[in-house]
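Each chain, letter by letter, is given below.
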Amino acid sequence: MKTILITGATAGIGRHAALDLARKGHHVIATGRRKAALDTLAKEAGSLAGRLDVVVLDVTSESSIAAAVSAVDALTDGYGLDVLVNNAGYGQMGPIEEVSDAVVRRQFDTNVFGLLAMTRAFLPKMRERGRGRVVNVGSIGGRVTFPLMGIYNATKYALESISDALRNEVKPFGVDVSIVEPGPIATEFNDRAMETIDVVDGSPYAPVVAAADDFRKQFESNASGPEVTTRAIVHASLARRPRVRYVAPGYLALMFFFLAILPTRLVDAVMRRVSGLTAKNLARETSSTPVSRKIAKAA
Ligand SMILES: NC(=O)c1ccc[n+]([C@@H]2O[C@H](COP(=O)([O-])OP(=O)(O)OC[C@H]3O[C@@H](n4cnc5c(N)ncnc54)[C@H](OP(=O)(O)O)[C@@H]3O)[C@@H](O)[C@H]2O)c1
């Protein structure tokens, strides 16, 4: 029985993986900010073969992380974790020019600094024991950048290089580091990402942002279920030889192959066309209603 802490387990990818690992007989410590969602999860896991404990945790709060370290020590009699799954995150959308520094910092605080702080907090016991795993949930957006998702993608690119460095730094101490790179997965992620978009009145990007609802529909029609990410997280957590990278679903790895061989100008032209970033489209008149409100109403 492995002890596995998952951040962002109140919903989506983290929640699905938490239940599956508990079903497989492991001791899961499911964390997130929403206490009520954690309590519901604990109830749902009550009859499973393993054990699932819940701990309220905000990865952007030093004191919350310190409290989680104490809670884990208490739950494991000082043993700590076998596996840390850094999954908590959200997607900040919007044109680079219009996302404020405060909003960018908030995005990095959760997706990057939160992951770093969690890793620093739980790695020492693994290293001292000479055994352990860190599984970082990145994104295919950590290997390819999409327009209007540049800030989010930047956090996931950061996660790639942090994971690559960490993997070699801790391998001599017996700790493995893997990256799970989901494509579109049907969770709360997309709705939450859409809620982050806002455009100022008179924004030159308004026509593109106003069409973001089409993007939401496209995302939903292409999305896989969270079982594909759970398979990857379970393998990275438990397999004798965990892989360095898991693209989930696996067939999306083909995209990286094509992106590597196609000319960047061609890829850019496709990206602009798909996201409506054409001169003709940008010249369109739109209402000045912030798109987040329009989308919230439509949902
Ligand atoms: N779904 C996708 O299409 C997709 C694609 C690529 C990558 N990903 C990545 O997969 C991971 C999980 O996303 P998801 O799809 O499962 O989205 P989700 O359904 O929105 O779940 C996100 C989870 O992160 C938690 N979270 C957010 N901020 C947090 C914070 N400050 N501290 C602690 N927990 C926090 C949320 O819990 P609380 O709000 O309760 O704290 C929630 O449990 C993210 O890192 C995301 O970037 C998702």
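The structure contained in this document is the topic of the report that follows. Note that the structure is a prediction, hence the values are computed from the model and not measured. (Residues numbered from 1 in each chain as written. Predicted model: local features only at pLDDT ≥ 70, side-chain atom pairs only at ≥ 80, totals over all residues. Heavy atoms only, no water.)

**A closer look at the overall build of the chain**
Helix and strand counts for the chain stand at 13 helices and seven strands. By the compact-globule yardstick of 19 Å for 299 residues, the chain fits well, its C-alpha radius of gyration being 20 Å. If one aligns the C-alpha atoms of the chain with their principal axes, the spans along those axes are about 65 × 45 × 35 Å. Each of the 299 residues in the chain was classed as buried or not, and the buried ones make up 50%. Look at the contacts in the chain between residues 6 or more apart in sequence, and 74% of them connect residues 24 or more apart. On the chain, roughly 14500 Å² of surface is accessible, and the fraction owed to carbon and sulfur atoms is 56%. Taking the average location of the 37 positive side-chain charges in the chain and that of its 30 negative ones, the two points are 5 Å from each other. (Helix = DSSP H or I, 4+ residues; strand = E, 2+ residues; numbered from the N terminus. Rg over C-alpha atoms; globule rule 2.2 N^0.38 Å. Buried < 20%, exposed > 50% of the residue type's maximum accessible area, 1.4 Å probe, protein only. Contact = heavy atoms within 4.5 Å. Areas by Shrake-Rupley, 256 points an atom, 1.4 Å probe, with all protein chains shown as cover. Lys, Arg positive; Asp, Glu negative; His and termini not counted. Charge placed at Lys NZ, Arg CZ, Asp CG, Glu CD.)

**As for the packing of helix 4 (residues 101-129) against helix 5 (residues 150-170)**
When two helices pack together, their arrangement is given by the angle between the helix axes and the distance between those axes. For the pair helix 4 and helix 5, interaxial distance at closest approach is 9 Å and the crossing angle is 20 degrees. Taken together, the axis directions place helix 4 and helix 5 in an arrangement best described as roughly parallel. Regarding helix 4 and helix 5, the two cross each other, and that crossing is right-handed. Of helix 5, the residues touching helix 4 (which contributes V104, Q107, F108, N111, V112, L115, L116, T119 and L123) are I151, Y152, A154, T155, K156, A158, L159, I162, L166 and V170. Its residues assigned to classes, the contact of helix 4 with helix 5 shows 14 nonpolar, four polar and one charged. (Axes fitted to C-alpha atoms, helices over the stretch in contact; angles between N-to-C directions. Parallel < 35°, antiparallel > 145°, perpendicular 65-115°, else oblique. Left-handed = near helix turned anticlockwise from the far one by under 90°. Nonpolar A, V, L, I, M, F, W, Y, C, P; charged D, E, K, R; others polar.)

**Digging into the packing of helix 1 (residues 12-23) against helix 9 (residues 227-238)**
At a minimum axis separation of 9 Å, helix 1 and helix 9 run at an interaxial angle of 55 degrees. Here helix 1 is positioned oblique relative to helix 9, judged by the angle of their axes. Between helix 1 and helix 9 lies a crossing whose hand is right-handed. On the side of helix 1, the interface is formed by I13, H16, A17, D20 and L21, while helix 9 contributes E227, T229, T230, I233, V234 and L238. Partitioning the contact of helix 1 with helix 9 into residue classes produces six nonpolar, three polar and two charged.

**Some remarks on the packing of aromatic side chains**
The description of an aromatic ring pair uses the distance of the two centres, along with the angle that the planes make with each other. Scanning the model with the defined rule gives two aromatic pairs in all. Their ring planes at 50 degrees and their centres at 5.3 Å tell us that Y152 and F189 sit as a pair that is tilted. With a gap of 37 residues between them, Y152 in helix 5 and F189 in helix 6 (residues 189-195) connect regions that are remote in the sequence. For Y152, a relative accessible area of 7% gives the class buried. (Phe/Tyr/Trp six-rings, centres within 6.5 Å; stacked < 30°, edge-to-face > 60°.)

**Considerations on the side chain of T3**
Along the chain, the position of T3 falls in strand 1 (residues 3-6). According to the relative accessible area criterion, T3 is buried, its value standing at 9%.

**What about the pairing of strand 5 (residues 132-137)?**
In terms of residue burial, strand 5 counts as a mostly covered element, since six of its six residues are buried. Side-chain alternation along strand 5 places G132, V134 and N136 on one buried face and R133, V135 and V137 on a second face that is also buried. Crossover strand 4 (residues 83-86) to strand 5 through helix 4 is right-handed. As paired strands, strand 5 and strand 6 (residues 175-182) are joined by six bridges and run parallel to one another. Among the inter-strand pairings, N136 is bridged to a residue of strand 6, identified as I179. (Right-handed = clockwise from strand over helix to strand, strands pointing away. Pairing = 2+ DSSP bridges.)

**Describing the site of the ligand**
Surveying the vicinity of the ligand reveals 31 residues, the closest of which are T10, R33, N87, Y152 and T187. Taking D58, its side chain carries an N or O atom lying 3.0 Å from a nitrogen atom of the ligand. Here an oxygen atom of the ligand and a side-chain polar atom of R192 are 3.3 Å apart. For the ligand, whose accessible area on its own is 880 Å², the fraction buried by protein is 98%. If you list the elements that add at least two residues to the shell around the ligand, you get helix 1, helix 5 and helix 6. Looking at the shell around the ligand, its residues break down into 13 nonpolar, 12 polar and six charged. (Near = heavy atom within 4 Å. Polar contact = N/O pair within 3.5 Å; in protein donor to acceptor, adjacent residues only side chain to side chain.)

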